[in-house]
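Analysis of the macromolecular model
Listed below, chain by chain, are the residues.
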Amino acid sequence: MLLSAIYVIRSYIFSPLSLTNFPTPMNVKSLMNQNVHVDVPLLCCSGLENSDISTSTNAVVLTERCISDREAEKAGRLERFRKHQEKMAAERSENGFIYRLEQEGAVICGYDKSVNGTLYIPQILGGQKVCKIEGSFNACKDLQCLVIPDFISEINATISEFCKSLEAFEVSSNNSHLCSQDGILFSKDMKQLIQYPQAKRGSYTVPQGVIAIRYTAFECCHGLISLTIPDSVTEIGFSAFAMCINLEQVVLPSHLKKIDSTLFSQCSSLVEIRMPNMLTDIENGAFDSCSSLTSVTFPSHLRKIGVNAFQGCASLKEIAIPSHTVNIEAGAFSNCEALTAINVDTGNPIYYSLDGVLFDHTKAMLIQYPAGRSGKYHVPLDTLAIMTSAFCGCARLTEILLPEGLANIGIQAFRCCSSLKRVSLPNTLQTIQDEAFIQCKNLCEVFVPASVTTVCHLAFAGCSRLERLIFESHAPYVMDTAFACSERVTIYHHKDTHGWDNVKGAAKVAINKLPECSISYLR
């Protein structure tokens, strides 16, 4: 659960806030000729989730819808906080156990004492039978064995999240809901593997007959080296093997259809994974930061590759997209520093590979540029949109030439392009999206055309060498956080333009004539 929480938080900061499905790319150019409205939900972050791409014969117009989305998210957070406060207000303490009383019995919310050795869960708390454990024992780093009594019917899978020394679960034989085998916690019928103790070492084979492996069941099991999962298993929950940093080999069941979110995230020793033939979906962050993973072979019927599914897989060199894959979400292969080509089966109706760069089939949307490439890149003239995280982590990209007609540069499109020095934005662009150039540490000069009306949240944050932002016309709307941690930024604008007093976070210089050398060089 720890990893999944970190991943969610990081998703808010570095990834799309709304993890909605990446749209099936559409034939934008043909629709433009018909003057048809196209609604394409773009994956974004920091609240700018959905944009309308309205197509006409001349341009793609972006209409941002962010205020209502942010208000809804805020309301949701407040409601969750209120419910959490209500639960906390009902909590009591007895012999180190924090609990609350519910209709069915006592629910253990945590344990606030340190334990060296064995901890026995009590049968009774507050005069009622203990029926459930839903909190973690975060003070029990030296706990070695957890003994579970008769009446416990449900255990939160994060119970041993901080129990780095836990070697075994022991369950009363009279418990009708749970059992243990070799110190591993199962449901009574042995159909579900609930929790594997973090301190167990070596290899493990899941017993035949197990149908489901619960979410976070093996999370942070640093001693686990290899794992064999039988064909009886059809469901594996999110983050089940996350942060198993010494896990080198996994045999997945042949009938598995989905690899859930963050399933192998940060398994930094995993070298190769054989995908089951029946696999159709790889969810968000499934192999995030599997830095030793050198190759992946996708089954022919794979349909979906989720948000940041292979982000940060530093050893991946080449990807082959099958013909049936119709949904590749934002940043699926971002920040893969050795990746030089993303190839697509010629029979794929949705995606297309142009010189190893991933596009939609119409070549109107640039979806992913391989981060292992170096030097300059000319975005093709017919490209209308650079999608979310398309160039994220392209640390050796030195120059990007953007075509006139480009209408959208997505969230984090050029994040961490640390060798990029100069950018000239096309005069068909209206919005510089959230974090579009965040952490481009060597970016020193940007030309902003008159068409730009909005510079969004953290658009140029962390650009420590950015000194010259040259604006062609009047001041656009610039969010106060646009230049966070970019202390050198100076805005150059013509003295006859207005609105600059409202722009925060940058010095302003009014000049008689915009620098010809910079504009001619960039454009």
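Here we summarise the structure given alongside this text.

Now for the nonpolar core. Judged by nonpolar contacts, the single largest core of 62 residues is most densely connected at Phe-218, Phe-241, Phe-287, Phe-310 and Phe-333. Other than its neighbours up to four places away in sequence, Phe-333 contacts Phe-298, Ile-305, Phe-310, Ile-319, Ile-321, Ile-328, Leu-339, Ile-342 and Gln-368.

Counting through the fold element by element, Thr-234 comes out in the loop between strand 18 (224-228) and strand 19 (235-236). By relative accessible area, Thr-234 is classed as partly exposed at 45%. Taking the C-alpha atoms as reference points, Thr-234 and Pro-253, 19 residues apart in sequence, are found 7.3 Å from one another. Not counting the four nearest positions on each side in its chain, Thr-234 is found in contact with Ile-211 and Leu-256.

So, about the side chain of Thr-325. Inspection of the secondary structure assignment puts Thr-325 in the loop between strand 26 (318-321) and strand 27 (327-328). Classification of Thr-325 by relative accessible area gives buried; the value is 0%.

What follows deals with the side chain of Gln-195. Here Gln-195 is to be found in strand 15 (residues 192-195). Separated by 3.2 Å, the side chain of Gln-195 and the backbone oxygen of Ala-217 make a polar contact.

Here we take up the packing of aromatic side chains. Across all of its chains, the model carries 20 aromatic pairs by this definition. An angle of 45 degrees between the planes, with centres 6.3 Å apart, marks the rings of Tyr-204 and Phe-218 as tilted. In this pair, Tyr-204 is assigned in strand 16 (residues 202-205) and Phe-218 in the loop between strand 17 (212-213) and strand 18, connecting sequence segments 14 residues apart. Classification of Tyr-204 as buried rests on a relative accessible area of 11%. Looking at Phe-218, the relative accessible area reads 0%, which means it is buried. Ring centres of Phe-241 and Phe-264 lie 5.2 Å apart, and the angle between their planes is 25 degrees; on these two criteria the pair is classed as stacked.

A separate point is the sheet that holds strand 13 (residues 178-181). Read from one edge of the open sheet, 5 strands run 13-14-15-17-19, paired in mixed fashion. Of all strands in the sheet, those bounded by a partner on one side alone are strand 13 and strand 19. Across 2 bridges, strand 15 lies against strand 17 in parallel orientation. Opposite Gln-192, over in strand 17, you have Ala-212 as the bridge partner.

According to the stated counting rule, one finds 10 salt bridges in the structure shown. Of the charged contacts, one joins Lys-376 and Glu-399 as a salt bridge, the two residues approaching to 3.7 Å between their closest N and O atoms. Linking Lys-376 in strand 32 (residues 375-378) with Glu-399 in strand 34 (residues 397-401), this pair joins segments that are 23 residues apart in sequence. Among the salt bridges present, the one from Glu-445 reaches Arg-422, with a minimum N-O distance of 3.5 Å. Of this pair, Glu-445 sits in strand 38 (residues 445-448) while Arg-422 sits in strand 36 (residues 422-424), placing them 23 residues apart in sequence. Assessed through its relative accessible area of 5%, Glu-445 is described here as buried. One network of salt bridges, with partners in common, ties together Arg-100, Glu-102 and Glu-134.

Criteria and cut-off values
- Residues numbered from 1 in each chain as written.
- Predicted model: local features only at pLDDT ≥ 70, side-chain atom pairs only at ≥ 80, totals over all residues.
- Heavy atoms only, no water.
- Core = buried A, V, L, I, M, F, W, Y, C linked by side-chain atoms within 4.5 Å.
- Buried < 20%, exposed > 50% of the residue type's maximum accessible area, 1.4 Å probe, protein only.
- Contact = heavy atoms within 4.5 Å.
- Helix = DSSP H or I, 4+ residues; strand = E, 2+ residues; numbered from the N terminus.
- Polar contact = N/O pair within 3.5 Å; in protein donor to acceptor, adjacent residues only side chain to side chain.
- Phe/Tyr/Trp six-rings, centres within 6.5 Å; stacked < 30°, edge-to-face > 60°.
- Pairing = 2+ DSSP bridges.
- Salt bridge = Lys/Arg side-chain N within 4 Å of Asp/Glu carboxyl O.

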